[in-house]
Amino acid sequence: MSLLGNLRDKAVEALVRNNELVKRFGEVQSISIDSEKGTADVSVLLHGEIAPLQFRGYYFFDTADDGKTDVVVRKITCERLWINEALDFWLNKTTLRYTLPGITGGIAKILF
């Protein structure tokens, strides 16, 4: 993987690890990113659980109206059926957009 590709993946990883919604429900144990497929596999130990659960986020990069680079999460799945159903109900064909900060956004823009 190229240095720039590695920076892009690190930006996605940082976005997941520092996301307030993720922190509210649990603690990230590990992240595996496949930038070719646009997926992030995340192991999260949810508060009150004894074992981590596996989530998969499907994402892509997009340029926002203000010219900044956003990571757009189009779908999130989980290995637990009821959580998967809750995510489908909550997102309901909605996407989540997160603006990449500073130079990270510029680098991602160059790559895409």
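Residues numbered from 1 in each chain as written. Predicted model: local features only at pLDDT ≥ 70, side-chain atom pairs only at ≥ 80, totals over all residues. Heavy atoms only, no water.

## Re the side chain of T39
And step 1. Inspection of the secondary structure puts T39 in strand β2 (residues 39-46).
And step 2. If sequence neighbours within four positions are ignored, T39 has contacts with S32, I33, D34, R56, G57, Y58 and Y59. (Helix = DSSP H or I, 4+ residues; strand = E, 2+ residues; numbered from the N terminus. Contact = heavy atoms within 4.5 Å.)

## Remarks on a nonpolar patch on the surface
And step 1. A cluster of nonpolar side chains, L21, F25 and W90, forms an exposed patch at the surface whose accessible area comes to about 320 Å².
And step 2. Among the secondary structure elements, L21 is positioned in helix α2 (residues 20-25). (Patch = residues over 30% accessible without salt bridge, like charges linked within 9 Å, V, L, I, M, F, W, Y side chains within 5 Å. Areas by Shrake-Rupley, 256 points an atom, 1.4 Å probe, with all protein chains shown as cover. Salt bridge = Lys/Arg side-chain N within 4 Å of Asp/Glu carboxyl O.)

## Points about the confidence of the model for the protein chain
And step 1. When pLDDT is averaged along the protein chain, the result is 84; 86% of the residues meet or exceed 70.
And step 2. Looking at the elements of the protein chain, mean pLDDT is at its lowest for helix α4 (residues 102-111), recorded as 47, and at its highest for β2, recorded as 96.
And step 3. Low pLDDT (under 50) marks residues 103-112, which in the prediction has 16 contacts with non-local residues, meaning those over four places away or in another chain. (pLDDT = per-residue confidence, 0-100.)

## Some thoughts on the sheet that holds strand β4 (residues 69-78)
And step 1. Across the sheet, 5 strands lie side by side as β1-β2-β3-β4-β5; this open sheet has antiparallel pairing. A strand with exactly one partner marks an edge of an open sheet, and here the two such strands are β1 (26-34) and β5 (96-99). Ignoring which end each strand starts from, the neighbouring axes of this sheet average 30° apart.
And step 2. Alignment of β2 against strand β3 (residues 53-63), held across 6 bridges, turns out to be antiparallel. By the bridge assignment, T39 is partnered in β3 with Y58.
And step 3. Where helix α3 (residues 81-91) meets the sheet, its contacts fall on β2, β3, β4 and β5, and the angle it forms with β4 comes to roughly 140°. (Pairing = 2+ DSSP bridges. Axes fitted to C-alpha atoms, helices over the stretch in contact; angles between N-to-C directions.)

## Section: the nonpolar core
And step 1. In this structure, V42, F55, I76 and I83 are the most contacted members of the largest nonpolar core, which totals 23 residues.
And step 2. Secondary-structure elements contributing two or more residues to this core are α1 (3-17), β1, β2, β3, β4 and α3.
And step 3. Those residues in contact with I83, other than ones at most four positions away along the chain, are L46, L53, F55 and C78. (Core = buried A, V, L, I, M, F, W, Y, C linked by side-chain atoms within 4.5 Å. Buried < 20%, exposed > 50% of the residue type's maximum accessible area, 1.4 Å probe, protein only.)

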